[in-house]
Amino acid sequence: MMVLFILDITIIFSLTIMESILSKPSIKSILIVGGGSAGWLSAGILAARHGSTVNITLVESPDVKPIGVGEGTWPTMKETLQEMGISETDFFRECNASFKQGAKFSKWVTGQDDDYYYHPLMLPQDFVKTNLAPFWSQNTNGQSFSNSVCFQEALCEHGLAPKTITMPEYNSAANYAYHLDAGKFTTFLTKHCTTKLNVKHILTTIKKVKQRKNGDIECVVAKDGNEIHADLFIDCTGSSSLLLGKTLGVEFIDKSDVLFIDQAIAVQLPYESDKDPILPYTLSTAQDAGWIWDIALSNRRGIGHVYSSRHMSEQKAESILADYVGPAYKNLTVKKIPIRCGHRKEFWKNNCVGIGMAAGFLEPLEASALMLIEISAKFIRDQLPEHKSVMSIVAKRFNERHTYHWNRIVDFLKLHYVLSKRDDTAFWRDNRDPATIPESLTELLTLWKYHSPYRQDFHHKEEVFPAASYQYILYGMGFKTHISERDKSKNDALCKQAIADNHTMIQKGITLLPNNRELLQKIKQYGMKAI
Amino acid sequence: MKNIEELSKKAHQHIRINRDFNKLPAAHTHVLPLLVTELLSSGANYPVFLTKNDQTGEFLCIALLGFTENENLYLDQGEWQASHIPLTIDRQPFHINQENKQVYIDIDSPWVDKKQGELIFLENGELSPYMEAVMDNLSKIHSGAKETHAFINTLSEYDLIESIELSITFDDKSSEKLNGLYTINRQKLATLPSDKLIKLHQSGILEGAYIMLNSVEHVKSLVSRKNKRLCK
Ligand SMILES: Cc1cc2nc3c(=O)[nH]c(=O)nc-3n(C[C@H](O)[C@H](O)[C@H](O)COP(=O)(O)OP(=O)(O)OC[C@H]3O[C@@H](n4cnc5c(N)ncnc54)[C@H](O)[C@@H]3O)c2cc1C
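Here the structure is a predicted model, which means the values were calculated and not measured. (Residues numbered from 1 in each chain as written. Chains lettered and ligands numbered in written order. Predicted model: local features only at pLDDT ≥ 70, side-chain atom pairs only at ≥ 80, totals over all residues. Heavy atoms only, no water.)

Trainee: Give a detailed account of the packing of aromatic side chains, specifying residues and quantitative values.
Mentor: Using the criterion set out here, one finds 36 aromatic pairs over all chains in the structure. Centroid distance Trp108(A) to Trp291(A): 6.4 Å. Interplanar angle 50 degrees. Geometry classified as tilted. Taken together, the residues span a long stretch of sequence, with Trp108(A) in the loop between strand 4 (102-106) and strand 5 (116-120) and Trp291(A) in strand 15 (residues 290-296) at a distance of 183 residues. Summarising the burial analysis for this pair, Trp108(A) and Trp291(A) share the class buried. Plain terms: the ring middles of Trp448(A) and Tyr470(A) are 5.3 Å apart, the flat faces sit at 55 degrees to each other, and that makes the pair tilted. With Trp448(A) in helix 14 (residues 439-448) and Tyr470(A) in helix 15 (residues 467-476), this pair connects stretches of sequence that are 22 residues apart. Of the residues examined, Trp448(A) reaches a relative accessible area of 0% and is grouped as buried. What makes Tyr470(A) buried here is its relative accessible area of 1%. Over the ring of Tyr158(B) we find Lys196(B); its NZ or CZ atom is 5.0 Å from the centre of that ring. Directly above the ring of Phe170(B) sits Lys226(B), whose terminal nitrogen or CZ lies 5.3 Å from the centroid. (Phe/Tyr/Trp six-rings, centres within 6.5 Å; stacked < 30°, edge-to-face > 60°. Helix = DSSP H or I, 4+ residues; strand = E, 2+ residues; numbered from the N terminus. Buried < 20%, exposed > 50% of the residue type's maximum accessible area, 1.4 Å probe, protein only. Lys NZ or Arg CZ within 6 Å of the ring centre and 35° of its normal.)

Trainee: Mind laying out the packing of helix 3 (residues 76-83) of chain A against helix 11 (residues 368-383) of chain A, listing which residues take part and the relevant values?
Mentor: Residue and element names in this part refer to chain A. The interhelical angle for the contact between helix 3 and helix 11, taken along N-to-C directions, is 45 degrees, at an axis separation of 10 Å. One element, helix 3, and the other, helix 11, form an angle in the oblique class. Here helix 3 and helix 11 pass one another in a crossing that is left-handed. In this structure, helix 3 uses Thr-76, Met-77, Glu-79, Thr-80 and Glu-83 to contact helix 11, whose residues at the interface are Leu-370, Met-371, Glu-374, Lys-378 and Arg-381. Among the residues making up the contact of helix 3 with helix 11, the classes are represented as three nonpolar, two polar and five charged. (Axes fitted to C-alpha atoms, helices over the stretch in contact; angles between N-to-C directions. Parallel < 35°, antiparallel > 145°, perpendicular 65-115°, else oblique. Left-handed = near helix turned anticlockwise from the far one by under 90°. Contact = heavy atoms within 4.5 Å. Nonpolar A, V, L, I, M, F, W, Y, C, P; charged D, E, K, R; others polar.)

Trainee: Would you mind going over the sheet that holds strand 5 (residues 59-64) of chain B in detail, with residue names and values included?
Mentor: Strand pairing in a sheet takes place through backbone hydrogen bonds and is either antiparallel or parallel in direction. Residues and elements named next belong to chain B. In spatial order, the strands read 3-5-4-13-12; together these five strands make up an open sheet with antiparallel pairing. Edge positions in the sheet fall to strand 3 (31-33) and strand 12 (161-169), since each of these pairs with one other strand and no more. Sheet twist, expressed as the mean angle between neighbouring strand axes with direction ignored, is 50 degrees. In the packing of helix 7 (residues 205-215) onto the sheet, the strands contacted are strand 4 (48-52), strand 5 and strand 13 (175-184), and the crossing angle to strand 13 comes to about 165 degrees. (Pairing = 2+ DSSP bridges.)

Trainee: Talk me through the site of the ligand; I want residue IDs and the actual numbers.
Mentor: Residues and elements named next belong to chain A. Residues in contact with the ligand amount to 32 residues; listed here are only the nearest, Gly-35, Val-64, Ile-67, Gly-72 and Leu-370. Between Ser-37 and the ligand, the recorded distance is 3.3 Å, taken from a backbone N or O atom to an oxygen atom. Within the backbone of Cys-236, one N or O atom sits 3.3 Å away from an oxygen atom of the ligand. Here the ligand has 1000 Å² of accessible area as a free molecule, and 95% of this is covered by the chains. Breaking the shell around the ligand down by element, the ones donating at least two residues are helix 2 (37-50) and helix 11. The element that contributes the greatest number of residues to the shell around the ligand is helix 11, accounting for three residues. Of the residues that constitute the shell around the ligand, the class distribution is 18 nonpolar, twelve polar and two charged. (Near = heavy atom within 4 Å. Polar contact = N/O pair within 3.5 Å; in protein donor to acceptor, adjacent residues only side chain to side chain. Areas by Shrake-Rupley, 256 points an atom, 1.4 Å probe, with all protein chains shown as cover.)

Shape is all these values report; function is a separate question.
Structure representation (structure tokens):
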């Protein structure tokens, strides 16, 4: 009797578990709407992990072309491509990619011809052991901050690549990101995702979105009336934000009161000869009401002027770009792109996540857009809800994290304007109007007057911009942190050694590393080895 | 600098080749490229590895002759102490055009001599036995380049290559670390699917792979050569 009774209970118990599993189904299908960089990066990142257990489909409109800009990346792209199982040689060859070892900001501080500073992609020497900023500020020896603590500025100034041809794919002597052809990149990812990672690809325009009573998206309806169902929807429809914005009605938070850039004019300039240097960094040159990006690929440069239409006419903006490009300008196709600066209030609502321009966009000053796409897709990959019942919890965490990210990016971009000493136009003066500076940034700037940003100053493990980036901008732009007596003599020997070591690295790098164009040609000709 | 001339009876009848290794800078090196066609005789004498060509990043098959730049531990007072001298050295100062098999001589080579050494041509204008042997080597070079390429490509395609680091401490407590060397992963080779193994076997690549793997034993004798020199 007793034994039977116990058995009964276990049977009933396991039945209830069964039931709860059945009534809270797991996520078996994901539909990505949109086939720009955001759509295909998300598809690749998700499919590399879940491709064999979750149905991943990407639908894109053959009529709405991807935005076709966005060619500067962050070093995170290396891991992203590697995790997808991409051969870096194929990527370089098919996307006309080049190496990016940082950003050079020209004329951002005084506007004079000799005014520049670097934001390299490596931490200051011995960053984990010690903060070199206070020591450097007492002992500059006439050297810039970035040149004193990091050997990458010297590599950039010498036009060198971050590695040699004998180093395996994704390995290097100096850290790097890529410059890539945005159009070719989506084509490349399409091929990889559909042939290697099991992603289903549908070419059609979505005309309607059907919702359930609880607001969840049930399916999207194509032009031909076909319905595409999924458990989780990822909105990568670009600035139209078809699912997150239009369907779910998530509010757009405008940031144009902080960041004034609202227009872009872009061209693609082929090299005149195969001897032209290929700059191994993004060059950003400040202008009267904005700035010009100059991104070198292996076969051409991508150049664009972003500006504030509140401070400059389109005609003037175009003539500035034409001057920068030179006589070749008149033969180039000019692309004009309005920029809506801001982001959605929420990024994950119900069973829909917005990634890429559908989630928001800020001026491309630090190439953070593609990186944020990678961060978002990796969050979904790692936290993919096992059951629909926990989706709202994951969504909440996603929203908190991403609101934090967007705010930090806004602060970081604004920092470049706030620290400028340019007084020559209203654009630069207006940018320093305290009313346009977020409180969080004002607070940090006050703190940094007495305390240089270091490792523990930011909350998240996965910061978009680490403390080192703030150091490069602050001290590159001449910000002064008051060094207290307490900080002064700490670790002097260690700091001296680190700066000497960096100097040695510069000498070594300059003698051992090849010219950037030369290495890119070798990659095209011989390829890099996986080992 | 090289001063290359097409080999001809008329121009080179009285030239002799004086094989003095002390005079030949190319012989004073710690690595020499090998062709697969000389793998068997090389593997019996030297540790054989792969390394990357520093100009192209492509793999090369090499014999390791020393531990530091310009150190050839097989050279002793101008004598090469091995039963096989890698062809790139042995064929000096002759070159062969890979396309038309035309033979050239570098008349500025330190081995080109007027008085001492082997004649290229006999009195009657025929090739000397020495030169016959050189011609044989040159044709091996000609045919071996393609085969070597295929050998390396297949190993790479089958994902059998792995990098290794040699860390060696000598008797005098000095030490050397050699990077940039690659060899074959024995485990991966042994567990290849049988269809692939058969392919490797039929193409002779399997034998080459084992020669290379087993030649690593010669690192020990290389170390003792070095230790002997350190004692002197
Ligand atoms: C001037 C400028 C410069 C930039 N520079 C950088 C940079 O240097 N670095 C960086 O990281 N980022 C940069 N960005 C941002 C970057 O370009 C974007 O973040 C990135 O390209 C992602 O875009 P997306 O895929 O979200 O949108 P899009 O490229 O616009 O793609 C939208 C996709 O949605 C599809 N679609 C739309 N509507 C429908 C529909 N109804 N049915 C089906 N499919 C539909 C379209 O077909 C398309 O495939 C820049 C942006 C601009 C404007």
